Structures are given as C-alpha cells and as structure tokens.
Amino acid sequence: MSILLDYPTQALWDSLNEVKPLLMDGGLLTPEDQKAVDTFLAYVRGFNDLLSWQADYSALFDTNAKSNLYLFDFVYGTSKDRGQAMVDLKEEYLRAGLMPDEHELPDYLPMYLQYVANMDHQQDADAAMEDIHGVLEHMQRKFNDEKHPYAPLIDIVNSLSKR
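Please read all numbers here as calculations on a predicted model, not as lab measurements.

A.B. asks: Mind showing me how you'd approach the overall build of the protein chain here?
C.D. replies: Across its full length, the protein chain holds 11 helices and 0 strands. When the elements of the protein chain are put in sequence order from the N terminus, they spell out α-α-α-α-α-α-α-α-α-α-α. Taken over the C-alpha trace, the protein chain has a radius of gyration of 16 Å; the compact-globule value for 163 residues is 15 Å, and the two agree within 12%. With respect to the principal axes defined by its C-alpha atoms, the protein chain has extents near 40 × 35 × 30 Å. A fraction of 58% describes how many contacts in the protein chain between residues 6 or more apart in sequence connect residues 24 or more apart.

Right under this line is the structure:
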C-alpha cells in the first residue's frame, strides 16, 4: 500500500498489472478492499503515461493542504509539539533499522507503512497501525468528502488499522 500512496515511479507504472495479485497474496484484503484496489487501478489506468499520473499526483498532494499524507498534520497541525513528534518517530525508524528518506518528513504515511511492513512481529505491526487509527479515520473522512482519487487506498489502510 505504501508504494501505491507514494509518488508514482516508472517501476510502479511498468508493473501495474502485478499490483492486485501481490496485494491478494498477503491475504489481508477483504472483498470490499479488493474493490477499492480495482477502483484505484481504474483511476491510474486512465492516464496515458507516467508523466500525466505524476502531474496529477503533484496537483493533488502538493497544492492541497486539506488532503495530504502527513499523519501529524491531522494530530498537531502547526503546533510546536509536531517537531518533537517528528524527531521521536525518526528515532523509532532508526531503532527498527529503517533509514528514512531525508527528502521526506517522518510522518509521511507511505514511510510509516514501510516501517510497519518491516516489523518482525504481526502483533507489533497491528499495534503500530492501531496507533494511527484515529488519524486514518480523520484522513478517510476528508478524502472521501473530497471524492479524492486516493480515497480507496486510505479506506484500505484504515480498515487494516482496525483489524
């Protein structure tokens, strides 16, 4: 899911036909989740090329402060507490052996999902997803209210945080 939520790459564009089978392999998706994947993939396949998808992604996320993929925006807004939370989360990533992308903030949802995906124990992953459940609920409402094309992915991630 983190790859689908992140900025579109050539590798992802070239392997779109493999996305759904890979997601199905994990056995975590409900039939409703599978329909959400289909909805999202139909949106992506509507682009003629990767550059068009990338331009749309940038327009959706770089210019719209209301619907972004930064977890702490929904928790702290512009509060000074956000900075310490970022430092703490980055330290968590480093302790887990994950080298965060220096060009991205630690609370970037795709990065957090990578962190969770690399956890050794399912119980820890479930707890980490539960930690962000409230934020995902808020994000889900905003994305769905806006009929945002990435809403189906947020719906799936949120459903995973409740299991």
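A.B. asks: Help me understand the packing of helix 4 (residues 31-45) against helix 11 (residues 151-161), please; the structure alone is not making it clear to me.
C.D. replies: Between two packed helices, both the angle of their axes relative to each other and the distance between the axes serve to describe the pair. Put simply, helix 4 and helix 11 touch, their axes get as near as 8 Å, and they point 155° apart. The orientation of helix 4 with respect to helix 11, classified from their angle, is roughly antiparallel. Of the two possible hands of crossing, helix 4 and helix 11 adopt the one that is left-handed. Only Pro152, Leu153, Ile156 and Ser159 of helix 11 make contact with helix 4, whose side of the interface consists of Asp33, Ala36, Val37, Thr39 and Phe40. In terms of residue class, the contact of helix 4 with helix 11 is built from 6 nonpolar, 2 polar and 1 charged.

Cut-offs and rules
- Residues numbered from 1 in each chain as written.
- Predicted model: local features only at pLDDT ≥ 70, side-chain atom pairs only at ≥ 80, totals over all residues.
- Heavy atoms only, no water.
- Helix = DSSP H or I, 4+ residues; strand = E, 2+ residues; numbered from the N terminus.
- Rg over C-alpha atoms; globule rule 2.2 N^0.38 Å.
- Contact = heavy atoms within 4.5 Å.
- Axes fitted to C-alpha atoms, helices over the stretch in contact; angles between N-to-C directions.
- Parallel < 35°, antiparallel > 145°, perpendicular 65-115°, else oblique.
- Left-handed = near helix turned anticlockwise from the far one by under 90°.
- Nonpolar A, V, L, I, M, F, W, Y, C, P; charged D, E, K, R; others polar.

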